[in-house]
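Analysis of the macromolecular model
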Amino acid sequence: MLNTQGREAVARVSEPIIELKDIKVYHRSRTGGIFKPNIVKAVDGVSLSIRRGETIGIVGESGCGKSTLASVVVGLQKPTDGQMTFKGRDALKRNAAFRKEFGSDISIIFQDPATALNPRMTIQDILKDPLDVHGIGDKSGRDRRVRELLNLVGLPQSAADAMPSQISGGQRQRVAIARALALEPKIIVADEPTSALDVSVRAQVLNLLSDLKEELFLGMVFISHDIQTVRYVSDRICVMNKGKIVEQGSAEQVFDHPTQDYTRKLLGAAPTLLHV
Ligand code: ADP
Ligand code: MG
């Protein structure tokens, strides 16, 4: 086991798992005419390296491109332009074997666990699903893994037989986190993972994510419109505006010496869950 300092050293020197270079995602908007379509530059030239053991916080106003960037990182959206590598290989040309490896190494947690979880499946089946899809273990191995996962996210074993509607919102998000961990990913992308939750359970879910990141030496991309939430969990913060990263640095750098008016505006906005 590495101590914290050792882990930080590894994080600094370790090769990126995902590397984005000048990634662009452009959409044709509905308001444009046929001859002069309006182009929405959802992501407009983002470069980013994602390594194990480091949490990158991405913060910016609604509509600045955070979710689009997240969907590129997890392979759900093909960029219009730019390069992306996964463990040094071109990630934009994927065959079946590549997709399988990518799918188990990179996973995502969405904002709203109520819509992310199948309401007709038990928690147990939800957690087994990725193991089935990837053909991992036999029946008893999968049962054991489900018990481990429940443990890992602080849910009682009795939750296994419940349906999503029978547990609380915070517990549902724990299930979504457990599912994201099922295949022992190296990188987790969490897109506004606490925004749909009751204020009273947000800090618990943030603490859980921070603890898991340490325990499992995960790389994490943590996305939020709330800069205080991002500060709470991130090693490095990227401020996004209109599809671009306009400022990045350690939490201290960004908070104590913001170089952009936009960042100062985010810093000045709205009270935060952590003061409630
Ligand atoms: P955020 O997550 O920061 O709120 P999004 O990534 O969801 O931002 O959206 C970025 C911009 O791209 C927004 O202006 C949004 O309306 C636009 N957008 C996202 N997806 C599409 C799409 N499929 N077609 C057209 N525009 C889109
Ligand atoms: Mg979003």
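This text follows the structure it describes.
The structure presented is a predicted model; accordingly, all values stated were derived computationally and were not measured.

Looking now at the overall build of the chain. If you tally the helices and strands in the chain, you get 11 helices and 10 strands. The C-alpha atoms of the chain give a radius of gyration of 19 Å, which matches the 19 Å a tight globule of 276 residues would have. Each of the three principal axes of the chain carries a C-alpha extent, and together these read 55 × 45 × 40 Å. The burial tally for the chain puts 50% of its 276 residues in the buried class. Here the analysis covers contacts within the chain between residues at least 6 apart in sequence; of these, 68% occur between residues at least 24 apart. Total accessible area on the chain is roughly 13900 Å²; 49% of this is exposed by carbon and sulfur atoms. For the chain, the distance from the average site of its 37 positive side-chain charges to the average site of its 32 negative ones is 5 Å.

Below, the discussion takes up the sheet that holds strand 1 (residues 18-28). Judged by pairing direction, the sheet is antiparallel, and its four strands sit side by side in the order 2-1-4-5 without closing on themselves. Each of the sheet's edge strands pairs with one partner strand only, and the pair in question is strand 2 (39-50) and strand 5 (89-90). Sheet topology places strand 4 (residues 81-86) next to strand 5; two bridges connect them, and they run antiparallel. Bridging from a neighbouring strand, Thr-85 pairs with Asp-90 of strand 5. In this fold helix 2 (residues 66-73) packs onto strand 1, strand 2 and strand 4, with an angle of close to 125° to the strand it touches most, strand 1.

Let us look at helix 3 (residues 96-105). Turning to helix 3, its buried residues number three or more, namely Phe-98, Phe-102, Ser-104 and Asp-105. Among the structural elements, strand 1, helix 2, strand 4, strand 5, strand 6 (106-109) and strand 7 (187-191) are those in contact with the buried residues of helix 3. Between a side-chain oxygen at the N-terminus of helix 3 and the backbone nitrogen of Ala-97 the separation is 3.3 Å; the capping residue is Asn-95.

Applying the stated rule across the entire model yields 15 salt bridges. One connected set of salt bridges, linked through shared partners, spans Lys-87, Arg-89, Glu-101, Asp-105 and Lys-186.

Thresholds applied
Residues numbered from 1 in each chain as written. Chains lettered and ligands numbered in written order. Predicted model: local features only at pLDDT ≥ 70, side-chain atom pairs only at ≥ 80, totals over all residues. Heavy atoms only, no water. Helix = DSSP H or I, 4+ residues; strand = E, 2+ residues; numbered from the N terminus. Rg over C-alpha atoms; globule rule 2.2 N^0.38 Å. Buried < 20%, exposed > 50% of the residue type's maximum accessible area, 1.4 Å probe, protein only. Contact = heavy atoms within 4.5 Å. Areas by Shrake-Rupley, 256 points an atom, 1.4 Å probe, with all protein chains shown as cover. Lys, Arg positive; Asp, Glu negative; His and termini not counted. Charge placed at Lys NZ, Arg CZ, Asp CG, Glu CD. Pairing = 2+ DSSP bridges. Axes fitted to C-alpha atoms, helices over the stretch in contact; angles between N-to-C directions. Polar contact = N/O pair within 3.5 Å; in protein donor to acceptor, adjacent residues only side chain to side chain. Salt bridge = Lys/Arg side-chain N within 4 Å of Asp/Glu carboxyl O.

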